[in-house]
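# Remarks on the overall topology
The chain contents come next:
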Amino acid sequence: MPSKARSLFELTRLHWFPVGSDLIFWPFGWGFLSAAYRVGLPMNEVVKDFLFYAFLGTLVHSAGCVINDMLDRDFDCKVERSKGRPIASGAVSRSEASVLLVVLVAAIYYMFSTAGTAAFILGVVGLPVCGGAYPLMKRWIYWPSLFLGFACSWAVPFTWVATTGQFNWYIILTIAIASCCWTCLYDTIYACQDRKDDEMAGVKSMAVSLGEGIRPALSLFDLTFFGCLSVGWVLERPAPPVLCDKCHCAVRPLSLAHMVL
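So, a few notes on the structure that sits alongside this text.

Rules behind the numbers
- Residues numbered from 1 in each chain as written.
- Predicted model: local features only at pLDDT ≥ 70, side-chain atom pairs only at ≥ 80, totals over all residues.
- Heavy atoms only, no water.
- Phe/Tyr/Trp six-rings, centres within 6.5 Å; stacked < 30°, edge-to-face > 60°.
- Helix = DSSP H or I, 4+ residues; strand = E, 2+ residues; numbered from the N terminus.
- Buried < 20%, exposed > 50% of the residue type's maximum accessible area, 1.4 Å probe, protein only.
- 1 Å grid on protein atoms, 1.4 Å probe; cavity = no way out; pocket = protein on both sides within 12 Å on 5 of 7 lines; lining within 4 Å.
- Points joined across faces, edges and corners; volume = space filled by probe spheres on them.
- Nonpolar A, V, L, I, M, F, W, Y, C, P; charged D, E, K, R; others polar.

In the structure shown here, the tally under the stated rule is 19 aromatic pairs. Measuring from centroid to centroid gives 6.2 Å for F28 and F158, while their planes differ by 90°, and the two rings are edge-to-face. Here F158 lies in helix α10 (residues 155-164) and F28 lies in helix α2 (residues 21-39), a separation of 130 residues in the sequence. By the burial criterion, F28 is buried, and F158 matches it. For the pair W154 and F158, a centre-to-centre distance of 5.8 Å together with 85° between the ring planes defines the contact as edge-to-face. Residue classification places W154 among the buried residues on the basis of a relative accessible area of 10%. Residue F158 is classed as buried on the basis of its relative accessible area of 0%. Through a chain of ring-to-ring contacts, three or more aromatic side chains come together here, namely F25, W26, W30, F50, W182, Y186, F225 and F226.

Okay, here's the thing in structure tokens:
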């Protein structure tokens, strides 16, 4: 592969696939599988749409990496692990990266357009507001991974409305919280390898801010992640049979509590 093409390929992080792409994919995957179960989607449709979201998540991750490297060039030059990245090393210019970013975003928006009007609007608004702002958070707050978690979680309502045509906020919010915790876990563990360089470069991260408290914090995220996915699974299950509406109102909460415990 020619050096320029190789550099552009590395800029998208596709040479590490599926590492990194899985960070973005699973919020799409969990949201979609939950919605597919709710509407009883046929298995062939589940497989087709699952692959659709896998590809979409990969594109979103690649676009996020491009804009991250464009904005973080000065930081990347000061960090041992990232100073060899295409933009930081000078192998790819910012103008060349901008062209690549436009191509990726155009492909993402095209995929958004096939998911229905409500999902398209959600995607068009969520992608730049959430995903595009994340690199800047490392300059302003010490918990940028938490913002990234919220940014990734917009995939959950996106997949729900694309699959069901409606919003079930009880399930959406539960899975979105799980998604946010998953992202914080993934990104903070990843950031630990850069902690010393980040401190010297002035980069804010949860790995830096948590210090010695990082293990308890990650354990809390881990427990919350599994807890929310479990509650989401409970919410997906049908209510137990009851004799009347009055009994239904009393029995269902008790049943859910029993299943959670």
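Don't stop here, the text continues.
Let's shift gears to the layout of surface pockets. Here the largest pocket defines a volume of roughly 970 Å³. Secondary-structure elements contributing two or more residues to the lining of the largest pocket are α2, α3 (43-71), α4 (73-76), α6 (94-113), α7 (117-131), α8 (134-140), α9 (144-153) and α11 (169-191). With eight residues, the single largest contributor to the lining of the largest pocket is α3. Residue classes in the lining of the largest pocket are distributed as 29 nonpolar, nine polar and 11 charged. Contributing to the lining of the second largest pocket are W30, L33, S34, Y37, I175, C228, L229, G232, W233 and E236. Mapped by element, the contributors of at least two residues to the lining of the second largest pocket are α2 and α14 (214-236).

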